[in-house]
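Listed below are the residues making up each chain.
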Amino acid sequence: VKVPIIVAGCKLDLRDDNSQVSLEQVMSPIMHQFREIETCIECSALKQLQAQEVFYYAQKTVLHPTGPLFDQESQSLKPRCVRALKRIFILCDHDRDGALSEAELNDFQVKCFHAPLQPSEIDGVKRVVQEKLPEGVNERGLTVTGFLFLHALFIEKGRLETTWTVLRKFGYNNDIRLADELLPPSLFKRAPDQSVELTDVAIDFLKGMYVLFDDDGDNNLRPQEIEDLFSTAPESPWTEAPYVDAAEKTALGGLSFDAFLSLWSLMTLLEPARSVEHLIYIGFPGDPSSAIRLTRRRRLDRKKKQCERKVFQCFVFGPNNAGKSALLNCFLGRSYADNPGSTTDERYAVNMVDESGVSGISYALCFIMCSAKKTLVMREIPEGGAQGLFSSKESLAACDIAVFVYDSSDESSWKRATELLVEVATHGEATGYEVPCLMVSAKDDLDSFPISIQESTRVTQDMGIEPPVPISSKLGDFNNLFRKILTAAQHPHLSIPETEAGKSRKHYNRLINRSLMAVSIGAAAVVVGLAAYRVYAARKSTSA
């Protein structure tokens, strides 16, 4: 159980004064083995020796635990604590000169402890740091190294409440993450067919951060520069699935601005709370609510026959070996043959698609033309994962467009893709979350199976969607596929497949509506006729 522990040795009054065994000898190996032990103390309830201190240390351990801050074995601050204190240092370094001046130290002291430091106290702090760590102080003031050293010193001397007071004043909880009250769940509440996107305010902030950390201005944020960017967060959010390898890499293994912004858009789409949290960690100065916006419900988009979204999610269905992974690889500018790892897990790929078709723009222009691009998220659904997806009523709510990939040289692959198309269409009709669909005929460099073109054209026509788009990942021929996917997603009222059951249901509903309309018109005619008769009868009675 990972909770802090106090070990209390009771009945101290019964100990033999001649005992040669010290508390330290007994407890050192135990405390070394069990890191959860914060303190060991001996007491006597009978003699009232240190009994109150047991409860004092128990209370202190809960309010100001050592575990999250300090590694007893290495006698150093833990990485997450270092990152949090580094962020606090940067927030307090108002002039961004890499050191806390006397005025900045005073502001920090007042914010955290509601009392200023006297000049002699500031000099004393600097002197202590300089004696132990010369690089901790320079002519401008206390450096980040010195700031970290001070907190390590406080903890070593048992003054954990000092460091915890600072952390909590800047919004951290006991896990050294931002406290829940800074990220209220109401901020992210939305309908299933709504999505979350970054606002222009957040995008402008990210542009500035990209330029700041792209030291040589080559539109290539290298891995170390990305690590530096997130050095004030508990950890980098992009080192694990689904973000690792989800964006296009430059030749040097870094991220262009488009790829950088795409990853932020992906994190905002999938985990909006985590996205806003990390925006705050890297220095976003505004209110958290100003960083994100909720999109309009897709159901309303269909009624209005237009979409205002800037980020679109595409579900990629298809049987095994149809070419789904190769398609995602090429979307990220990689070789179609790159091994994506397990084919049984979902995988994401995100990139920007230029609606205008312009390519080869300069580093400076890429920021200006960012608004002309839309972000496309490709989510690969393994064949075995499709059934699990359909088990939830709202499984298609997050999908802006579904793509069905099949091997054009394999008839069984085509049949399975068609089955998946029907399953998606049926699920959409049953739940009200219909989505535009597009068929993709992959491996166009191979010979097609007999009557493939006729069969695929017939099926797509019957279901009311576009004919399959032929591509060859091997030859790099994509027939403007990604732009076609984006265009279909932007028109949510078009390219929606209809099953035979769906057509029958629509026809039945139309008949019912017509019948109701006829009844309504008949009833209205009767009412009008009756009213006219009453007027006629009244006039006749008056004239008589």
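In the block above lies the structure referred to throughout.
Here the structure is a predicted model, which is why all the values come from computation and not from measurement.

A. Layout of helix H2 (residues 51–63). Across its 13 residues, H2 extends 19 Å between first and last C-alpha, which sits within 8% of the 18 Å expected from 1.5 Å per residue. Three or more residues of H2 are buried, namely Ala-51, Val-54, Lys-60 and Thr-61. In this fold, the buried residues of H2 make contact with strand S1 (5–9), strand S2 (37–42) and helix H7 (160–169).

B. Just the side chain of Ser-265, in detail. Its place among the elements puts Ser-265 in helix H10 (residues 257–270). By relative accessible area, which is 9% here, Ser-265 ends up buried. Those residues within four positions of Ser-265 in sequence are excluded, and the remaining contacts are Leu-198, Val-311 and Thr-375.

C. Seen up close, the layout of surface pockets. Within this model, the largest pocket holds a volume of roughly 760 Å³. Lining of the largest pocket is provided by 29 residues; of these, Ile-90, Leu-91, Arg-96, Ile-282 and Gly-283 occupy positions nearest its centre. Put simply, the parts of the chain that give the lining of the largest pocket at least two residues each are helix H3 (79–92), helix H8 (200–213), helix H9 (223–229) and helix H11 (272–281). Ranked by residues supplied to the lining of the largest pocket, first place goes to H3 with five residues. Of the residues in the lining of the largest pocket, the class split is 17 nonpolar, five polar and seven charged.

D. Fine view of the sheet that holds strand S12 (residues 373–380). Across the sheet, six strands lie side by side as S11-S12-S10-S13-S14-S15; this open sheet has mixed pairing. In the strand order of this sheet, the two ends are held by strand S11 (347–354) and strand S15 (469–470), each with one partner. Both strand S13 (residues 401–407) and strand S14 (residues 437–442) contribute to a ladder of six bridges, which runs parallel. The residue bridging Tyr-406 from the neighbouring strand is Ser-441, located in S14. Where H10 meets the sheet, it contacts strand S10 (311–317), S11 and S12, and its direction lies at approximately 125° from that of S11. Against the sheet, helix H18 (residues 481–489) contacts S10, S11, S12, S13, S14 and S15, and its axis sits at roughly 100° relative to S12.

E. Quick look at empty space enclosed by the protein. Evaluated as defined, the whole model comprises two cavities of 30 Å³ or more. As a volume, the largest cavity reaches approximately 40 Å³. Lining the largest cavity, in full, are Val-424, Ala-425, Gly-428, Glu-429, Glu-434, Val-435, Cys-437, Ile-496 and Pro-497. Among the elements that line the lining of the largest cavity, the one with the most residues is helix H16 (residues 411–431), at four residues. Its residues assigned to classes, the lining of the largest cavity shows six nonpolar, one polar and two charged. Size it by volume and the second largest cavity reaches roughly 30 Å³. Lining of the second largest cavity is provided by Arg-298, Asp-301, Cys-307, Arg-309, Asp-400, Ala-489 and Pro-492. Residues that form the lining of the second largest cavity fall into these classes: three nonpolar, no polar and four charged.

F. Main features of a nonpolar patch on the surface. Residues Val-21, Val-26, Ile-30 and Phe-34 make up a contiguous nonpolar surface patch of about 320 Å² in total accessible area. Relative to the assigned elements, Val-26 resides in helix H1 (residues 23–33).

G. Representation of the pairing of S2 in the model. Across the six residues of S2, six count as buried, placing the element largely inside the fold. Pairing geometry for S1 and S2, over five bridges, is parallel. Bridging from a neighbouring strand, Gly-9 pairs with Glu-42 of S2.

H. Local environment of the environment of Tyr-57. One can find Tyr-57 in helix H2. Look at Tyr-57 and you get partly exposed, because its relative accessible area is 29%. With 19 residues separating them along the chain, Tyr-57 and Glu-38 place their C-alpha atoms 8.8 Å apart. Leaving out residues up to four positions away in the same chain, Tyr-57 has contacts with Ile-6, Thr-39 and Ile-41.

I. Focus on the sheet that holds strand S6 (residues 137–138). Taken in spatial order, the three strands make up an open sheet running S5-S7-S6, and their pairing is antiparallel. A strand with exactly one partner marks an edge of an open sheet, and here the two such strands are strand S5 (99–100) and S6. Pairing of S6 with strand S7 (residues 141–143), which is carried by two bridges, proceeds in the antiparallel orientation. Bridged to Asn-138 within S7 is Gly-141. Lying over the sheet, helix H6 (residues 144–156) contacts S5 and S7, oriented at roughly 75° with respect to S7.

J. Structural detail: the pattern of salt bridges. Per the stated rule, a full pass over the model turns up 31 salt bridges. Salt-bridge contacts for Asp-97 lead to Arg-140; the nearest nitrogen and oxygen are separated by 3.8 Å. Taken as a pair, Asp-97 in the loop between H3 and S5 and Arg-140 in the loop between S6 and S7 lie far apart in primary sequence, 43 residues in all. Overall, the relative accessible area of 24% leaves Asp-97 in the partly exposed class. Owing to a relative accessible area of 39%, Arg-140 belongs among the partly exposed residues under this scheme. As a salt-bridge pair, Arg-458 and Asp-462 come within 3.2 Å of each other at their nearest N and O atoms. Pair noted here: Arg-458 and Asp-462 are both in helix H17 (residues 452–463), with a separation of four residues, about one helical turn. For Arg-458, a relative accessible area of 41% puts it in the partly exposed group.

K. Layout of H18. Inspection of H18 places Leu-481, Phe-482, Ile-485, Leu-486, Ala-488 and Ala-489 among the buried residues, and these make up the whole buried set. The arc that holds every buried residue of H18, seen down its axis, measures 165°, which confines them to one face.

L. Main features of the nonpolar core. Core analysis: the biggest nonpolar cluster contains 78 residues, and Ile-88, Trp-238, Phe-260 and Trp-264 have the highest contact counts within it. Per-element tally for this core: the top contributor is H10, with nine residues. When residues no more than four places from it in sequence are discounted, the contact partners of Trp-264 are Leu-198, Leu-206, Phe-230, Trp-238, Ser-275, His-278, Leu-279 and Ile-282. Counting 29 residues, the second largest nonpolar core, distinct from the first, contains Ala-349, Ile-401, Ile-471 and Leu-486.

Reading the values: the criteria
- Residues numbered from 1 in each chain as written.
- Predicted model: local features only at pLDDT ≥ 70, side-chain atom pairs only at ≥ 80, totals over all residues.
- Heavy atoms only, no water.
- Helix = DSSP H or I, 4+ residues; strand = E, 2+ residues; numbered from the N terminus.
- Expected span 1.5 Å × (residues − 1).
- Buried < 20%, exposed > 50% of the residue type's maximum accessible area, 1.4 Å probe, protein only.
- Contact = heavy atoms within 4.5 Å.
- 1 Å grid on protein atoms, 1.4 Å probe; cavity = no way out; pocket = protein on both sides within 12 Å on 5 of 7 lines; lining within 4 Å.
- Points joined across faces, edges and corners; volume = space filled by probe spheres on them.
- Nonpolar A, V, L, I, M, F, W, Y, C, P; charged D, E, K, R; others polar.
- Pairing = 2+ DSSP bridges.
- Axes fitted to C-alpha atoms, helices over the stretch in contact; angles between N-to-C directions.
- Patch = residues over 30% accessible without salt bridge, like charges linked within 9 Å, V, L, I, M, F, W, Y side chains within 5 Å.
- Areas by Shrake-Rupley, 256 points an atom, 1.4 Å probe, with all protein chains shown as cover.
- Salt bridge = Lys/Arg side-chain N within 4 Å of Asp/Glu carboxyl O.
- Arc of directions from axis to C-beta.
- Core = buried A, V, L, I, M, F, W, Y, C linked by side-chain atoms within 4.5 Å.

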